[in-house]
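A structural walkthrough
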Amino acid sequence: MNALTDEALDAAKQNFAFFDQDQNGFIDFTEFHDLLKVIAGEVTTQQAAEGFSMVDTDSDGQVSFDEFISWWQTAWYEF
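None of these values were measured; they are calculated from a predicted model. Residue positions within a chain follow its written sequence, with the count starting from 1. The predicted origin of the model limits local features to residues at a pLDDT of at least 70 and limits the giving and counting of side-chain atom pairs to 80 or more, whereas totals for whole chains, interfaces and linings rest on all residues. The basis for the side-chain values is all heavy atoms of the structure; hydrogens and waters are excluded.

As a packed pair, helix H2 (residues 29-40) and helix H3 (residues 45-55) sit with axes 10 Å apart at the nearest point and diverge in direction by 110°. In terms of their interaxial angle, H2 and H3 are classed as roughly perpendicular. Relative to H3, the crossing made by H2 is right-handed. Mapping the contact onto sequence places Phe29, Phe32, His33 and Leu36 in H2 and Thr45, Ala48, Ala49, Gly51, Phe52 and Val55 in H3. Axis definition: a line fit to C-alpha positions, over the contact stretch in the case of helices; interaxial angles, taken between N-to-C directions, run 0 to 180 degrees. Secondary structure is summarised from DSSP: a helix means a run of H or I of at least four residues, a strand means a run of E of at least two, and numbering begins at the N terminus for each. By the definition adopted for this analysis, an angle is roughly parallel if under 35 degrees, roughly antiparallel if over 145, roughly perpendicular if from 65 to 115, and oblique otherwise. Definitions for this section: a left-handed crossing has its near helix turned counterclockwise from the far helix by less than a right angle. A right-handed crossing has that turn clockwise. Throughout, a contact is declared for two residues whenever any of their heavy atoms are within 4.5 Å.

Set out below in structure tokens:
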């Protein structure tokens, strides 16, 4: 995986902060579902749950910035 440029990393941080609605440093399932709706349009709860389980690699019920950035680079960031 290529390293993000400073600009791309800043954009990812801004996106993470935007969807971390309660500003606790993590994206929970509801916030993740909202994120998917913005990115992909209509997303069912089941689809969001499947995506969330893939992104939440440590299965702690929340997406950390490290988990987010790994997903962002592989799923959404275009090099």
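Let us now look at the side chain of Glu67. By the element assignment, Glu67 lies in helix H4 (residues 65-76). Remark: exposure states derive from per-residue accessible area (1.4 Å probe, protein chains only) relative to the maximum for the residue type, with buried under 20%, exposed over 50%, and partly exposed in between. Only four residue types enter the charge count, namely Lys and Arg as positive and Asp and Glu as negative; His and the chain termini do not. The term salt bridge refers to a side-chain nitrogen of Lys or Arg lying within 4 Å of a carboxyl oxygen of Asp or Glu. At 17 Å, Lys13 is the nearest oppositely charged side chain to Glu67, a buried residue that forms no salt bridge.

So, on to the packing of aromatic side chains. A pair of Phe, Tyr and Trp rings is counted when the ring centres sit within 6.5 Å of each other, with Trp represented by its six-membered ring. The angle between the planes then sorts it: under 30 degrees is stacked, over 60 is edge-to-face, the rest tilted. Scanning the model with the defined rule gives nine aromatic pairs in all. Judged by centre distance (5.5 Å) and plane angle (65°), the ring pair of Phe32 and Phe52 falls under edge-to-face. Taken together, the residues span a long stretch of sequence, with Phe32 in helix H2 and Phe52 in helix H3 at a distance of 20 residues. On the accessibility criterion, Phe32 (2% relative accessible area) is buried. On the accessibility criterion, Phe52 (8% relative accessible area) is buried.

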